[in-house]
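The lines below spell out each chain.
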Amino acid sequence: MALPAPPLRRYLLLLAQEHLEFRLPEIASLLSLCGGQFSGEQEIRVNSPFWILNIPSEEMARGLMKRTVCAKSIFELWGHGKSAGELYASLKNYPTDKMLPYLQSDSTYKVHIHTFNKTLTQAQKIKKIDALEFLPFRGKVNLKNPEHIFWILEDYGMNPNDVPEEPIHLYFGRWIADGQRELIESYSVKKRHFIGNTSMDACLSFIMANHGRVKPNDIVYDPFVGTGGLLISSAHFGAYVCGTDIDYNTIHGLGKASRKNQKWRGPDENIRASLRQYGLEKYYLDALVADFSRPIWRKGILFDAIITDPPYGIREAPRRMGSQKETVKSVERSTENHFFISSSYHLSDIFFDLLKFGAEYLVMGGRLVYWLPIYRPEYTEEIIPRHPCLKLISNCEQLLSSHTSRRLITMEKVKEFKCSI
């Protein structure tokens, strides 16, 4: 007989107001990684910074916040409403036995006020805090180092040019944990030793790892590894990382530098050194010079996730190894007398090869996360590449211009691959 599912508890998620389309897939992916699921019962206004989630346990809520870069904080929700009166009525209906462990006389606490789209004076804040005197607080106020922190959160809408006098939604809850927003600054490309023209923004790198549900001891592969930025975010979460790239100089950290006022790359400008910079070298397996259009892996090699940013001609043109029989586009010479002939590698071929590779080499349930370039006037969902072994999980747009964008595609392997003869 199956055990009944634990009762769901209500939590308030405070989200950052950037990369809006990426937030829901990130939270849903991380909830599934923590053993939960994202149900249709969640109270979500997609563009709002406030989401109410039903989560089985505080432990799962903390697990979510140890990974997310899209969310700022999470709270155990004690009450909410569309007016102060509704909030107070909601708080009075919250079970006292759930409040009391955090309101004991030997505990310390403080109340913090957060407003979205409006700034309050200190006097206004104090007035709102004093209005909560009906709550059975028994502990002592400690503003510097309290045991428990309670938040009043007020939403004044999304339009900065039409701010209402009163909030349209109010929430009160006990602070549980903060997200990992500080990773965006600490892993900033501006501070990284080894970068290239197409090095991925740190925030998007972590979002991609979270969409891929990367976890400790996974093996993560980037077939267009470049300067290795996507390996760093996966390694931060404890995965072992590897990659391939056609560019000999980039793989070995040779040639001209991408930074202004620097002519040549230095000895610490390579993928291994980048991971070493963040204390992640132990997770680095290797990076190989290889042409993705030509198979190099033996059958049976399985990756837990494939996370990549294929070259698509905006800043980095796609190419592959050529032969004397092919129409030669260019002959390039790298350092140490390495020569290769490159020919064009069409976008349709790149994505066909990528999905086929994911279907064959991902473990069951493993995820493929990649960027797809789009010409917006002609976009329909039908142009998203498909494979019978891969299920589309999410499709998020990042605008590049009025006519162009790129979409972050996340797919999950749901069926075993069978070689066609």
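Bear in mind the structure is a predicted one, so any value in this text is a computation, not a measurement.

## With respect to the side chain of Ser29
In this fold, Ser29 is placed in helix α1 (residues 20-33). Here Ser29 falls in the buried class, since its relative accessible area comes to 4%. Looking at Ser29, its side chain comes within polar contact range of the main-chain oxygen of Pro25, at 2.8 Å. Not counting residues within four places of it along the chain, the set of residues in contact with Ser29 comprises Asn210, His211, Arg213 and Arg367.

## A short note on the sheet that holds strand β4 (residues 108-116)
A sheet is described by the order of its strands in space; here seven strands give the open sequence β2-β1-β3-β7-β6-β4-β5, paired in mixed fashion. This sheet does not close on itself; its edge strands, each paired only once, are β2 (50-55) and β5 (140-141). Where β4 meets β5, two bridges bridge the pair, whose relative direction is parallel. By the bridge assignment, Thr108 is partnered in β5 with Lys140.

## Remarks on the sheet that holds strand β17 (residues 404-413)
In spatial order, the strands read β10-β9-β8-β11-β15-β17-β16; together these seven strands make up an open sheet with mixed pairing. The two strands at the open ends of the sheet, each matched to only one other strand, are β10 (284-289) and β16 (390-399). Strand-to-strand twist in this sheet, taken as the mean axis angle between neighbours without regard to direction, amounts to 15°. The sheet contact formed by strand β9 (residues 240-245) and β10 spans five bridges and is parallel. Within β10, the residue paired with Val241 across the bridge is Tyr284. Across the sheet, helix α11 (residues 347-361) is in contact with β8 (219-222), β11 (303-308), β15 (362-375), β16 and β17; its angle to β15 comes to roughly 165°.

## Regarding the environment of Leu170
Examined against the element boundaries, Leu170 turns out to sit in strand β7 (residues 169-178). Between the alpha carbons of Leu170 and Phe50 there is a distance of 9.9 Å; along the sequence they are 120 residues apart.

## Quick look at the side chain of Arg23
Tracing the chain through its elements places Arg23 in helix α1. At 8.4 Å, Glu26 is the nearest oppositely charged side chain to Arg23, a buried residue that forms no salt bridge. With sequence-adjacent residues up to four places away left out, Arg23 is seen in contact with Leu15, Ala16, Gln17, Glu18, Val46, Asn47, Ser48, Pro49, Trp51 and Cys70.

## A look at the packing of helix α7 (residues 202-211) against helix α8 (residues 229-236)
One way to put it is that α7 packs onto α8 with a least axis distance of 9 Å and a crossing angle of 60°. For the element pair α7 / α8, the angle class is oblique. The element α7 and its partner α8 pack so that their crossing is right-handed. Note on element contacts: α8 touches α7 through Gly229, Leu230, Ser233, Ser234 and His236, opposite Ser205, Phe206, Met208 and Ala209. Here the residues of the contact of α7 with α8 are counted per class, giving four nonpolar, five polar and no charged.

## Comments concerning the confidence of the model for the protein chain
For the protein chain, mean pLDDT is 88; residues scoring 70 or higher make up 84% of the total. Contacts for the low-pLDDT stretch residues 323-342, under 50 throughout, to residues beyond four places or in other chains number 42 contacts.

Parameters and conventions
Numbering of residues starts from 1 in every chain and runs along the sequence as written. Since the coordinates come from a predicted model, pLDDT governs what is reported: local features require at least 70, and pairs of side-chain atoms require 80 or more to be given and counted, while whole-chain, interface and lining totals use all residues. Computation of side-chain values covers all heavy atoms of the structure but excludes hydrogens and water. Helix and strand assignments follow DSSP, with helices taken as H or I runs no shorter than four residues and strands as E runs no shorter than two, numbered in order from the N terminus. Throughout, exposure labels follow a simple rule: accessible area from a 1.4 Å probe, protein chains only, divided by the maximum for the residue type, with under 20% read as buried, over 50% as exposed, and the rest as partly exposed. Polar contact is the term for a pair of N or O atoms within 3.5 Å; when the atoms are in protein, one must be able to donate a hydrogen and the other to accept it, and sequence-neighboring residues count only if both atoms are side-chain atoms. In this description, contact between two residues means that some pair of their heavy atoms is separated by no more than 4.5 Å. In this analysis, strands are considered paired if DSSP registers two or more bridges between them. Between N-to-C directions, angles span 0 to 180 degrees; the directions come from axes that are lines fitted to C-alpha atoms, helices contributing only their stretch in contact. Charge counting treats Lys and Arg as positive and Asp and Glu as negative, with His and both chain ends excluded. A pair is scored as a salt bridge if a Lys or Arg side-chain nitrogen falls within 4 Å of a carboxyl oxygen belonging to Asp or Glu. Oblique is the label for every angle not falling under 35 degrees (roughly parallel), over 145 degrees (roughly antiparallel), or within 65 to 115 degrees (roughly perpendicular). In this scheme the crossing of two helices becomes right-handed for a clockwise turn of the near helix relative to the far one and left-handed for an anticlockwise turn of less than a right angle. In the scheme used here, Gly and all other residues not listed as nonpolar or charged are polar, with Ala, Val, Leu, Ile, Met, Phe, Trp, Tyr, Cys and Pro taken as nonpolar and Asp, Glu, Lys and Arg as charged. Scored from 0 to 100, pLDDT records how confident the predictor is in each individual residue.

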